[in-house]
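So the chains spell out like this:
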Amino acid sequence: MFATYLIGLREGLEATLVVSILVAFLVKSQRRDRLPQVWAGVGLAVALSVGFGSLIQYTSTSLLRTSESRELFEAVTSVAAVVFVTWMIFWMRRAARTIAGELRGKLTDALAVGSLAVAGMAFLAVIREGLETALIFYAAAESAAGGTGPGSLFALAGGIATAVVIGFLLYRSAVRINLSRFFTWTGALLILVAAGILKYGVHDFQEAGVLPGLNDLAFDISNTLDPGSWYGALLAGMFNVTAAPTVLELVAWVAYAVPVLVLFLRKPTQPAQPAEPVQPAQSTEPAQADKPAAAPADAAVPSPRS
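Residues numbered from 1 in each chain as written. Predicted model: local features only at pLDDT ≥ 70, side-chain atom pairs only at ≥ 80, totals over all residues. Heavy atoms only, no water.

Asker: Explain helix H5 (residues 115-143) here, please?
Answerer: An α-helix turns once every 3.6 residues. As a result, residues three or four positions apart point the same way. The first and last C-alpha atoms of H5 sit 42 Å apart over 29 residues, in line with the 42 Å expected at 1.5 Å per residue. A maximum bend of about 30 degrees is found in H5 at Val-126. Summarising burial for H5: 22 of the 29 residues are buried, a large majority. (Helix = DSSP H or I, 4+ residues; strand = E, 2+ residues; numbered from the N terminus. Expected span 1.5 Å × (residues − 1). Bend = angle between axes of the 7 residues up to and from the residue. Buried < 20%, exposed > 50% of the residue type's maximum accessible area, 1.4 Å probe, protein only.)

Asker: Help me out: how do you make sense of the pattern of salt bridges in this one?
Answerer: A side chain of one charge can pair with a side chain of the opposite charge when the charged atoms of the two come close. For the structure shown, the criterion picks out six salt bridges. Here Glu-14 and Arg-10 are joined by a salt bridge, their closest N and O atoms 3.0 Å apart. Placement of both Glu-14 and Arg-10 in helix H1 (residues 2-28) is noted, with a separation of four residues, approximately one turn of the helix. The same class applies to Glu-14 and to Arg-10, which are both buried. Residue Arg-31 is joined to Asp-33 by a salt bridge in which the shortest nitrogen-to-oxygen separation is 3.4 Å. Accessibility expressed as a relative area gives 46% for Asp-33, which makes it partly exposed. Taken together, the salt bridges that share partners define one network made up of Arg-31, Asp-33 and Arg-34. (Salt bridge = Lys/Arg side-chain N within 4 Å of Asp/Glu carboxyl O.)

Asker: Explanation requested: H1 in the structure shown.
Answerer: If you check H1, its first and last C-alpha atoms are 37 Å apart, about what 27 residues at 1.5 Å a residue would give, namely 39 Å. Phi for Gln-30, located one or two positions after H1, is positive at around 60 degrees.

Asker: What should I look at first to understand the environment of Ala-257 in this one?
Answerer: When you line up the elements, Ala-257 lands in helix H9 (residues 247-265). In this structure, the C-alpha to C-alpha distance between Ala-257 and Leu-198, residues 59 residues apart in sequence, is 9.7 Å. Non-local contacts of Ala-257, meaning those with residues more than four positions away in its chain, are made with Ile-191, Leu-192 and Ala-195. (Contact = heavy atoms within 4.5 Å.)

Asker: What is the right way to read the environment of Ala-45 from this model?
Answerer: Secondary-structure assignment places Ala-45 in helix H2 (residues 35-63). Given the relative accessible area of 0%, Ala-45 is considered buried. Between the C-alpha atom of Ala-45 and that of Ala-125, which follows or precedes it by 80 residues, the distance is 8.8 Å. Ala-45 has contacts with Phe-123, Val-126 and Ile-127, leaving out every residue within four places of it along the chain.

Asker: Got a minute to help me understand a nonpolar patch on the surface in this structure?
Answerer: A cluster of nonpolar side chains, Phe-219, Ile-221, Leu-250, Val-254, Val-258 and Val-262, forms an exposed patch at the surface whose accessible area comes to about 450 Å². Residue Val-254 is classed as partly exposed on the basis of its relative accessible area of 38%. (Patch = residues over 30% accessible without salt bridge, like charges linked within 9 Å, V, L, I, M, F, W, Y side chains within 5 Å. Areas by Shrake-Rupley, 256 points an atom, 1.4 Å probe, with all protein chains shown as cover.)

Asker: Can you help me understand the environment of Ser-60 in this one?
Answerer: Within the element layout of this structure, Ser-60 appears in helix H2. Through-space distance from the C-alpha of Ser-60 to that of Leu-72 is 9.9 Å; in sequence the pair is 12 residues apart. In this structure the side chain of Ser-60 is engaged in a polar contact, spanning 2.9 Å, whose partner is the side chain of Tyr-138. (Polar contact = N/O pair within 3.5 Å; in protein donor to acceptor, adjacent residues only side chain to side chain.)

Asker: Please explain the packing of aromatic side chains as it appears in this structure.
Answerer: Where two aromatic rings form a pair, the distance of their centres and the angle of their planes describe that pair. Here the structure, examined in full by the defined rule, presents four aromatic pairs. Ring plane angle 75 degrees and centroid distance 5.4 Å describe the contact between Phe-182 and Phe-183, whose orientation is recorded as edge-to-face. With respect to burial, Phe-182 and Phe-183 carry one shared label: buried. (Phe/Tyr/Trp six-rings, centres within 6.5 Å; stacked < 30°, edge-to-face > 60°.)

Asker: What am I meant to see in unusual backbone geometry here?
Answerer: Keep in mind that most residues, glycine aside, have a negative phi and that most peptide bonds are trans. A positive phi angle is found at Gln-30, which is not glycine, with a value near 60 degrees. The topology assignment puts Gln-30 in the loop between H1 and H2. Backbone geometry places Asn-240, a non-glycine residue, at a positive phi of 55 degrees. In this fold, Asn-240 is placed in the loop between helix H8 (230-239) and H9.

Asker: What is the right way to read the packing of helix H3 (residues 67-95) against H9 from this model?
Answerer: A packed helix pair is summarised by two numbers, namely the angle formed by the two axes and the spacing between the axes. Direction vectors running N to C along H3 and H9 enclose 15 degrees, while the axes themselves pass 11 Å from each other. As far as their axial angle goes, H9 and H3 are roughly parallel. The handedness of the crossing between H3 and H9 comes out as left-handed. Touching Val-82, Thr-86, Ile-89, Phe-90 and Arg-93 of H3 are Tyr-256, Val-260, Leu-263, Phe-264 and Leu-265, all from H9. When its residues are assigned to classes, the contact of H3 with H9 shows eight nonpolar, one polar and one charged. (Axes fitted to C-alpha atoms, helices over the stretch in contact; angles between N-to-C directions. Parallel < 35°, antiparallel > 145°, perpendicular 65-115°, else oblique. Left-handed = near helix turned anticlockwise from the far one by under 90°. Nonpolar A, V, L, I, M, F, W, Y, C, P; charged D, E, K, R; others polar.)

Dropping the structure here:
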């Protein structure tokens, strides 16, 4: 349950921050007349995301007739979800410092074009998060014991609702949280969740007969880690840590989690670049003209850098 709640919280907060940046820009630009187009684009993106999630679930439960085809489908969606999670985490870390300015620039261009462009821009800004959430939720819920049942749906909805509340409070400046630290911690947890999803995908590939070694266990600690206990269910539900994994499952989990965590938690080599405007500012004016345009605007609205 916590894994799906975390997915809803993380993806929901990213989408909420995007929407709050767009809304704040329109309000401060005295263009409230374009807010309905923004909400229309957001609503369409949410509807399509829900439809995409329903299509995945319908495909798995109704269109696929044999257990082998269902296992293969779940394996492929698991691997795809891991790819999306990894890309999303590293993209957010890289783009967090510039996303607000980029969104405002795109919205300025859309305002010059017309209403449909504004709605389309809001739609594109949110649909990526929505499709990712649907795919990752399905894979994470299937890898957990409960599957995509009501409990998992409530956990996902709870995470999204929490994200919306946090985003609204940030927009109203009612709370101040270190979003950089928040995305770092949730990113690290999602990497472990993704490692469990990949492990589950490998197991499905083995059950579908695509990969060998279904009966080759790496170890069996069922006497120590009781799958029926609360802590066993918690580890299995969050990170798909099981008492008797196969050799390939264990190799996949370690081969993904260790290097990706190291790369993610390693401090980027580029944070020194914000200090570089000091040098260009003394010698050239174009560089100085670019920076002040972004700095005051970023301070005016909530952004992942806050």
